[in-house]
Amino acid sequence: MDTVEPFLTTERLELRPFTARDEDLLVELDADPEVMRYLTGGRPTPPETVRKEILPGMLRRYPCTGLPGYWAARERGTGEFLGWFELRPLREDGAEAVELGYRLRRAAWGRGYATEGSRALVERAFTKLGVERIAAYTMAVNRGSRRVMEKAGLEYVRTFFEDWPETIEGFEHGEVEYALTRTGWERRRTDGGPALPA
């Protein structure tokens, strides 16, 4: 039975800190070629890499918030592990700018979980954590992830190009940044700005 205190809950999700016991869940998640398609071209993350690099990063707490930057997501009704969400400070000494991210099991795709979790994290960031700007990144060709960013209230900022150690299908179209500032978020809430996409 999972006794870790949740960071936040939504209608269908519970986000909680990772623990050392979650290694196998992360190995399984990163073993799905479709999950890793826009990250490694479909190659699984070696279990050794999960153990020595990925999981320690998930467990790490940031001095500026006292919180981790990643949360395990599970379905509230069943307790099923769905994947993870990221709300990670971009600097060690302050949480004014954070990165939003998510990686969900294929079985959880198309059910609105990524949008639900992302919107909840955006709300938490601006109401409780003193965040001023949230950014998210993905490959330009990853339409599904871009749609989630839009539904979470983030707007397209730019397309940029980086050197990839190994080419991934679609890399030639670059990566995109989406972002939302506190000012933009507050304007939507108070000035009757455009509603978030359904």
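Up top is the structure.
Worth saying up front: this structure is predicted, and the values here are computed from it rather than measured.

## Regarding the environment of Arg12
Turning to step 1, where the next piece is worked out: Here Arg12 is to be found in the loop between strand S1 (8–9) and strand S2 (13–17).
Turning to step 2, where the next piece is worked out: Exposure remark for Arg12: the relative accessible area of 24% places this residue in the partly exposed category.
Turning to step 3, where the next piece is worked out: Each C-alpha atom of the pair Arg12 and Arg76 lies 5.4 Å from the other, and the pair is 64 residues apart in sequence.
Turning to step 4, where the next piece is worked out: Ignoring sequence-local partners within four residues, the contact set of Arg12 consists of Arg74, Glu75, Arg76, Arg111, Gly112, Tyr113 and Glu116.

## A word on the environment of Glu186
Turning to step 1, where the next piece is worked out: Mapped onto the secondary structure, Glu186 falls in helix H6 (residues 182–190).
Turning to step 2, where the next piece is worked out: The exposure class of Glu186 is partly exposed, given its relative accessible area of 35%.
Turning to step 3, where the next piece is worked out: Separated by 60 residues in sequence, Glu186 and Phe126 have C-alpha atoms that sit 8.9 Å apart.

## A few points about the sheet that holds strand S9 (residues 155–160)
Turning to step 1, where the next piece is worked out: Pairing within the open sheet is mixed, and its eight strands lie in the order S1-S2-S5-S6-S7-S8-S10-S9. In the strand order of this sheet, the two ends are held by S1 and S9, each with one partner.
Turning to step 2, where the next piece is worked out: Here S1 runs beside S2; their pairing, made up of two bridges, is antiparallel. Counterpart to Leu8 in the pairing with S2 is Leu15.
Turning to step 3, where the next piece is worked out: Against the sheet, helix H1 (residues 23–30) touches strand S6 (81–91) and strand S7 (94–104), its axis set at about 95 degrees to S6.

## Side note on the pattern of salt bridges
Turning to step 1, where the next piece is worked out: One pass over the structure, following the stated rule, counts 20 salt bridges.
Turning to step 2, where the next piece is worked out: With a closest N to O distance of 2.8 Å, Glu14 and Arg74 form a salt bridge. Remark: Arg74 occurs in strand S5 (residues 70–75) and Glu14 occurs in strand S2; sequence separation between them is 60 residues. For the pair Glu14 and Arg74, a shared accessibility class is recorded, and that class is buried.
Turning to step 3, where the next piece is worked out: Between Glu155 and Arg188 there is a salt bridge; the shortest N-O distance is 3.3 Å. With Glu155 in strand S9 and Arg188 in helix H6, this residue pair connects regions lying 33 residues apart in the sequence.
Turning to step 4, where the next piece is worked out: The exposure class of Glu155 is partly exposed, given its relative accessible area of 47%.
Turning to step 5, where the next piece is worked out: Put simply, Glu23, Glu48, Arg51 and Lys52 are held in one network by salt bridges that share partners.

## Details of the nonpolar core
Turning to step 1, where the next piece is worked out: Among the nonpolar cores identified, the biggest contains 34 residues, and Phe85, Leu100, Leu121, Val122, Ile134 and Leu154 are the most heavily contacted of them.
Turning to step 2, where the next piece is worked out: Mapped by element, the contributors of at least two residues to this core are S2, S5, S6, S7, helix H4 (113–128), strand S8 (133–139), helix H5 (143–151) and strand S10 (175–181).
Turning to step 3, where the next piece is worked out: The leading source of residues in this core is H4, at seven residues.
Turning to step 4, where the next piece is worked out: Once residues within four sequence positions are removed from consideration, Leu154 is found in contact with Leu100, Val122, Ile134, Ala135, Ala136, Met149, Tyr178, Ala179 and Leu180.

The rules behind each value
- Per chain, the residues get numbers from 1 upward, laid out in the order the sequence is written.
- Only residues with pLDDT of 70 or above have their local features reported here, since the model is predicted, and side-chain atom pairs are shown and tallied only from 80 upward, although totals for entire chains, interfaces and linings are computed over all residues.
- Note that water and hydrogens are dropped before the side-chain values are worked out from all heavy atoms of the structure.
- A run of DSSP states H or I qualifies as a helix once it reaches four residues; a run of E qualifies as a strand once it reaches two. Both are numbered from the N-terminal end.
- Note on classification: 1.4 Å probe, protein chains only; a residue is buried when its accessible area is under 20% of the maximum for its type, exposed when over 50%, partly exposed between these limits.
- Should any heavy atoms of two residues lie within 4.5 Å, those residues are counted as being in contact.
- Criterion used throughout: strands pair if DSSP finds at least two bridges between them.
- Axis angles are defined between N-to-C directions and span 0 to 180 degrees, where every axis is a line fitted to C-alpha atoms and, for a helix, only to the segment in contact.
- Whenever a carboxyl oxygen of Asp or Glu lies within 4 Å of a side-chain nitrogen of Lys or Arg, that contact is scored as a salt bridge.
- Definition of nonpolar core: a set of buried residues of the types Ala, Val, Leu, Ile, Met, Phe, Trp, Tyr and Cys, connected through side-chain atoms within 4.5 Å.

Spatial relationships are all this shows, so hold off on functional conclusions.
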